[in-house]
Amino acid sequence: MSENENVDIVDDNEYVFLGRDEILDYDDIKVETVPVPEWGAKAAVRLKVLSAAERDAFEASTVTVKGGRQKPNLANLRARLVARCMVDGKGNRVFESGDVARLGNKSSKALDRLFAKCQEINGFSDKDIEDLTEDFGETSD
């Protein structure tokens with residue numbers, strides 16, 4: 001098998017190649033509006049695409065270390081992701097980390113819808129979430 005056998009060959013004339021400044025200055029954090037009828041007839045919230053650093057922080061939060069061993073952290077998983085993605089009209093986070101427990105007490109139907117939209121816009125598949133929260137072969141303490 002040659003080194004290039006699995007590489008797609010593209011015509012460089014089809015693309016505009018970006019430099020450092022174009023990449024760093026490009027606004028690629030998109031926001032979507034999602035209706036939440038459980039919170040009022042015309043209620044809606046804004047959910048944003050996480051930055052790579054924010055996604056890494058969320059993924060890191062799905063694991064705890066206890067006694068030198070990793071264990072999945074499923075506590076308020078939906079609320080934790082929704083809290084990271086929900087923003088106001090200026091793009092600022094609506095919820096602080098300390099709000100997650102209270103947010104987790106809201107309607108599961110509403111949070112499920114928002115969680116699914118957060119997964120979708122951030123490219124999380126069900127398999128990604130499953131992998132993040134899988135049991136690491138630990139027995140219960």
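Above this text you will find the structure in question.
Read on for an overview of the structure. (Residues numbered from 1 in each chain as written. Predicted model: local features only at pLDDT ≥ 70, side-chain atom pairs only at ≥ 80, totals over all residues. Heavy atoms only, no water.)

1. Comments concerning a nonpolar patch on the surface
- Where nonpolar side chains cluster on the molecular surface, the patch consists of Val16, Leu18, Ile23 and Leu24 and spans about 450 Å² of accessible area.
- By the element assignment, Leu18 lies in the segment before helix H1 (20-25). (Patch = residues over 30% accessible without salt bridge, like charges linked within 9 Å, V, L, I, M, F, W, Y side chains within 5 Å. Areas by Shrake-Rupley, 256 points an atom, 1.4 Å probe, with all protein chains shown as cover. Salt bridge = Lys/Arg side-chain N within 4 Å of Asp/Glu carboxyl O. Helix = DSSP H or I, 4+ residues; strand = E, 2+ residues; numbered from the N terminus.)

2. Describing the packing of aromatic side chains
- As enumerated under the stated definition, the model contains two aromatic pairs in all.
- When the ring of Tyr15 is compared with that of Phe17, the centres are 6.4 Å apart and the planes differ by 55°; the resulting orientation is tilted.
- Judged by relative accessible area, which is 60%, Phe17 ranks as exposed.
- In this arrangement the basic side chain of Arg55 is found over the ring face of Phe124, its NZ or CZ atom lying 3.8 Å from the centre.
- The cationic tip of Arg78 hangs over the ring face of Phe115; the distance from NZ or CZ to the ring centre is 5.2 Å. (Phe/Tyr/Trp six-rings, centres within 6.5 Å; stacked < 30°, edge-to-face > 60°. Buried < 20%, exposed > 50% of the residue type's maximum accessible area, 1.4 Å probe, protein only. Lys NZ or Arg CZ within 6 Å of the ring centre and 35° of its normal.)

3. Concerning the pairing of strand S3 (residues 63-66)
- Both S3 and strand S4 (residues 69-72) contribute to a ladder of four bridges, which runs antiparallel. Each residue of the ladder has a partner; that of Lys66, found in S4, is Arg69.
- The hairpin formed by S3 and S4 contains two residues between the paired strands, and Gly67 there has a positive phi angle of roughly 60°. (Pairing = 2+ DSSP bridges.)

4. A few points about unusual backbone geometry
- The backbone of Asn76 sits at a positive phi, close to 50°, despite the residue not being glycine.
- Relative to the helices and strands, Asn76 is located in the loop between S4 and helix H3 (77-85).

5. With respect to helix H5 (residues 108-122)
- For H5, which comprises 15 residues, the first-to-last C-alpha distance of 20 Å matches the rise-based estimate of 21 Å (1.5 Å per residue) to within 8%.
- Burial in H5 covers these residues: Ala110, Leu111, Leu114, Phe115, Lys117, Cys118, Gln119, Ile121 and Asn122.
- Gly123 occupies a position one or two residues after H5 and carries a positive phi of about 70°. (Expected span 1.5 Å × (residues − 1).)

6. Topic: the pattern of salt bridges
- Scanning the entire structure with this criterion turns up seven salt bridges.
- Two residues, Lys117 and Glu120, come together in a salt bridge whose shortest N-O distance is 3.3 Å. Within this pair, Lys117 and its partner Glu120 are both found in helix H5, separated by three residues, close to a single helical turn.
- Given the relative accessible area of 18%, Lys117 is considered buried.
- On the basis of relative accessible area, Glu120 is assigned to the exposed category, the value being 54%.
- Overlapping salt bridges, with partners in common, bring together Glu32, Lys117 and Glu120 in one network.

7. Regarding the packing of helix H2 (residues 52-61) against H3
- Direction vectors running N to C along H2 and H3 enclose 165°, while the axes themselves pass 11 Å from each other. Between H2 and H3, the angle falls in the class roughly antiparallel. Two packed elements cross with a definite hand, and for H2 against H3 that hand is right-handed. Here Glu54, Ala57, Phe58 and Ser61 of H2 lie close against H3, whose contacting residues are Leu77, Arg80, Leu81 and Arg84. (Axes fitted to C-alpha atoms, helices over the stretch in contact; angles between N-to-C directions. Parallel < 35°, antiparallel > 145°, perpendicular 65-115°, else oblique. Left-handed = near helix turned anticlockwise from the far one by under 90°. Contact = heavy atoms within 4.5 Å.)

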